[in-house]
Amino acid sequence: MNIKKGDNVLVIAGKEKGKVGKVLQTSPKTGKVTVESINMVTKHKKPKSQQDKGGIIKKVAPMEASNVMVVCPNCGKATRISHKEVDGKKVRICKKCGASLDKEHVKTVKKEAKKAEKAEKTAKKAENTQKTDAKVETKATEEKAVKTAPKKSKTTSQGK
Ligand SMILES: [Zn+2]
């Protein structure tokens, strides 16, 4: 089973289709998962004693694990899962964005993504400044670079 306790899942089949909830429990033996506030059933309980008066009880019932899809905490999409080994540990990977779905790794992935985003922004900013400051000069340099080095030179990463 690819679903673990604490995952957010999207229901893709059955009467609760389209709902999203948190996995409270998984039972690999039966292939079922219990999802918070999804697949509620009402049970009519008979009174057993004076303290236990019975009545109607709402309860979450387990549902087929194949009816739900894990929602990736990184990209927020319901995704299929692939597996990857990181530091000798098997982790579940989002097929859409490549982020790990296992909590101990999610944090580091998020941090790295943020760092990359920041670096990209800084690079873009530098690029823009370069363009406005010396349009002609940049062009000339690029032309030169093309002549001297056929492979694209790293002019964009300058200005760190
Ligand atoms: Zn993802």
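Residues numbered from 1 in each chain as written. Predicted model: local features only at pLDDT ≥ 70, side-chain atom pairs only at ≥ 80, totals over all residues.

Trainee: Describe the sheet that holds strand β3 (residues 32-35), and please don't skip the residues or the numbers.
Mentor: Within the open sheet, the six strands sit side by side as β6-β3-β2-β1-β7-β8. Their pairing is antiparallel. Every other strand in the sheet has two partners, leaving β6 (63-64) and β8 (78-79) as the edge strands with one partner each. When strand β1 (residues 8-11) meets strand β2 (residues 20-27), the two strands line up antiparallel, connected through three bridges. Counted as the bridge partner of N8 is K22 from β2. (Pairing = 2+ DSSP bridges. Helix = DSSP H or I, 4+ residues; strand = E, 2+ residues; numbered from the N terminus.)

Trainee: Tell me about the nonpolar core, and please be specific about residues and values.
Mentor: Counting 17 residues, the largest nonpolar core has I3, V9, V33, V35, V68 and V70 as its most contacted members. Among the elements of the structure, β1, β3, β7 (68-71) and β10 (89-94) are those that each provide at least two residues to this core. Sort the elements by how many residues they give to this core and β7 lands first, with three residues. For V35, the residues in contact, after removing those within four places along its chain, are V9, G21, K22, V23, L24, M63 and V68. (Core = buried A, V, L, I, M, F, W, Y, C linked by C-beta atoms within 7 Å. Buried ≥ 20, exposed ≤ 12 C-beta atoms within 10 Å, placed from the backbone. Contact = placed C-beta atoms within 7 Å.)

Trainee: I'd love a proper account of the environment of V9, names of residues and values included.
Mentor: Position of V9 relative to the elements: it lies in strand β1. In this structure the C-alpha to C-alpha distance between V9 and K22, which are 13 residues apart in sequence, comes to 6.2 Å. Those residues in contact with V9, other than ones at most four positions away along the chain, are I3, V20, G21, V23, V35, V68, M69, V70 and V71.

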